[in-house]
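Working through the structure, step by step
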Amino acid sequence: MSKKKKFLIVGAPILAFLILTPLITYIYYYNDIADQERLMNRNNTGIVLTDKNGDVFYETGRAQHRQMAKLADISDNVEKALIATEDKDFYQHEGFSIPGIMRAVFGTVTNQAEYGGGSTLTQQLSKITLLSEDQTFLRKYQELAISVAIEQRYTKDEILEMYLNTAFFGGNVFGIEEAAKSYFNKSPKDLTLAESSMLIGILPAPNAYSPTLGNPKYAKERQATVLKRMAENGYITEAERTSVAAEQLTYAPMSETGDSVAPHFVQMVMDELYEKYGEQTVVRSGYQVRTSLDLTLQKQLTDNIKNHVSYIERNGGSNASGVAIDPKSGEVLALVGSADWNNETWGKVNMVTTPRQPGSSFKSIYYARALADGTITPATVIADVPTDFNGYKPQNANRGFSGDVTVRSALARSLNIPAVKIMEKVGINTAIDQANAMGISTINKDTNYGLSLALGSAEASLLQMTNAYAAFANQGDQFGTTFLKQVNNKYGDNIFKANETSKKVISAEGAYLVSSILSDNSARAPTFGSSLTVSGKTAAVKTGTTDDQRDAWTIGYTPELAVGVWVGNNDNATMLNGGSGMAGPIWVNTMSQALRGRQDVKFPVPAGIVQRSVCPNGGLANRSGYGTYTESFLSWNLPTKSCTPEKSPEELEAERKAEEEKKQAEEEKKRQEEEAAQQEEEQNQDDENGTGTGNGNGNTGGNGNGSGTTPTLPITP
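Below you will find a few notes about this structure. Per-chain numbering applies: the sequence of each chain, read as written, is numbered from 1 onward. In keeping with the model being predicted, local features are shown solely for residues with a pLDDT of at least 70 and side-chain atom pairs are shown and tallied solely at 80 or more, while totals for entire chains, interfaces and linings include all residues. Side-chain metrics rest on all non-hydrogen atoms present in the structure, leaving aside hydrogens and water.

1. Quick notes on the sheet that holds strand β12 (residues 540–545)
Consider a sheet: its strands pair through backbone hydrogen bonds, and that pairing is either parallel or antiparallel. For clarity, the threshold we go by: Only when DSSP finds a minimum of two bridges between them are two strands counted as paired. Counting from the N terminus, the helices are the DSSP runs of H or I reaching at least four residues and the strands are the DSSP runs of E reaching at least two. Working convention: axes come from line fits to C-alpha atoms, limited for helices to the stretch in contact. Angles between N-to-C directions cover 0 to 180 degrees. Any pair of residues with heavy atoms lying within 4.5 Å of one another is described as a contacting pair.
The antiparallel open sheet is built from five strands, whose spatial order is β5-β4-β14-β13-β12. Where the open sheet ends on each side, the last strands, each with one partner, are β5 (332–336) and β12. With strand direction ignored, the average angle separating the axes of adjacent strands in the sheet is 10°. Note: strand β13 (residues 551–557) against strand β14 (residues 562–568), seven bridges, orientation antiparallel. What sits directly across from Tyr 557, in β14, is Ala 562. Where helix α16 (residues 295–314) meets the sheet, its contacts fall on β4 (319–325), β5 and β14, and the angle it forms with β5 comes to roughly 30°.

Given below as structure tokens:
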């Protein structure tokens, strides 16, 4: 094949692509490019979030028409900062900049971000209004084509004006007019150099760089970058740069989530959407998002936390958080990240996702593994006595000891000495493996926790801990936590639908055994009384309290719902009360309200579980009865020792009565025998004396009815 033919075969498709792509792109977007309002895409932007039932709980930007701010009404500081930072050749190029592209390539290769990106302001306008955030060659080529078309139709000032009126500045803020009002409570023409450089600096990632919605440190760094480029391009002097960089700006109060009933939930949903589709795409595409939130449950959890705050504060705490998860889907039904979103110190910190020490609530994780593996059974007896674990001498919460206790009692009552002994049996690495398998990612083998891990010394988030418990509720099958169920664009087209799958993280038998223990109200009663009982419902629950009561946890579940509650201080200050007192009431009230009107659902018994009668010493009873109780076991892991149950008081009383009756019968028999013998003896004596008594015709010849002496016969001579 000749070189010419080879060139045609290879080059013709490339040439066709290069020629046809701009033409087709221009035809497709012609109406949008020709209409400034359509090009700016300022209507029907923003987002709508609904709960799982379709009820709206957050909305922003929908169908809002914003008044166009003219370039003459915008501070020159804004224009200069934007051009110096984003496109210093703006007034020289025809839509794209070859030098800019070369600088961007060089900056990428040399890892020098200060060289900036290769996109012109016109390209950025086409990207944020018409195209997607995709970084494909096709999309970039389309961007160039549209940019050229825009440059041919509009003046430079019109393009700059459109850009500033469509730019996204974080939260619910679109356009320079809203930005000036929202951040500084002033009009765009009154923005100072410091304010202008700050606003332009946050444009690459508005929510992350925002001084009020994101990280103030990043915001200051971005402002410094803008000022540096303005100085380099001759818009300001070095002295101005230094002076402005040192200014302390005052901001108007802002909230990305508005007055939502679930601000932290909204924040998490928005972050997930930004990660999936890009921030600019999300805020401009009019997304209609159906979430996993249950508004009714969200309000109940929120109210229960608020109603308990005064008690928390009296006991040295200040904050609380909670989360509710559907074990059968992983859907997050309710989430309260803090007791007060508006608290200036810690309100915006999401304590549902912030790792803290879980205390004894961590025990369920490795207990479940030990039960599933057959390392222990619920009837295994552990000595709760003072123990020195190579220098580690843990204490129980009440500073007392209970002697020999079963695993059921030890976990239900949250005894520490047996827990550490079980951790020894299981092994620290195995416990970490189990925690990781159940989605607790903050605990790892690179850290030397020691046996204190048994008492929850490693940090974990409430979200991950609660979802681990949700796996127990769902027979060992765990779903990932889900916030998004469905996303439609503003045209009603579905672009995302959740399709979560579960994985087995603990055997069904192990999940059942730990659920059986944690739902045993009577086993828990010696320590907690009925304080954690959900009336009329089978609910498993475990508390956790860390050293000096810095963190208080209560996590529990039914087959239908898992709820976790944390109470404490963000600064880790100590409190006067622990898990059951501080977090327990919130948990009980939320579970009770959520389950009201529903039938009680028991934990399903897997095929590999059997019930047997056992004695208090953990031995398998050779008969049921007094002193035995019914315990659950893995079918292949029954106790090896046996026992004979003690007799009940009733049985002992019956035996006593039977013995007494037997003795009485024997004594009566003996008496009767003695009487009979005596009579016989008396009769024999009478016979020997020749006396007797009689009646009838006697031998005396008398009247035949008396008694007498035998007559003496006469002697015959």
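2. Here's the deal with the sheet that holds strand β10 (residues 494–497)
Read from one edge of the open sheet, five strands run β2-β1-β3-β9-β10, paired in mixed fashion. Every interior strand has two partners, whereas the edge strands, β2 (56–60) and β10, have only one. Along the sheet, successive strands turn relative to each other by an average axial angle of 10°, direction set aside. Across the face of the sheet, helix α14 (residues 263–277) comes into contact with β1 (47–50), β2, β3 (287–291), β9 (484–488) and β10 while running at roughly 55° to β9.

3. Quick look at the state of the cysteines
The following threshold applies: We call a pair of cysteine sulfur atoms a disulfide when they lie within 2.5 Å. The cut-offs for exposure are 20% and 50% of the maximum accessible area for each residue type, with area from a 1.4 Å probe on protein chains only; residues under the lower value are buried, those over the upper are exposed, and the others partly exposed.
Inspection of the entire model under this criterion finds one disulfide. With its sulfur 1.9 Å from that of its partner, Cys 615 forms a disulfide with Cys 643. Classification of the bridge connecting Cys 615 and Cys 643 rests on its S-S torsion, roughly 95°, and on that basis the disulfide is right-handed. One end of the pair, Cys 615, is in the loop between β15 (609–614) and β16 (620–621); the other, Cys 643, is in strand β18 (residues 642–643), and 28 residues separate them in sequence. One exposure class covers both Cys 615 and Cys 643, and it is buried.

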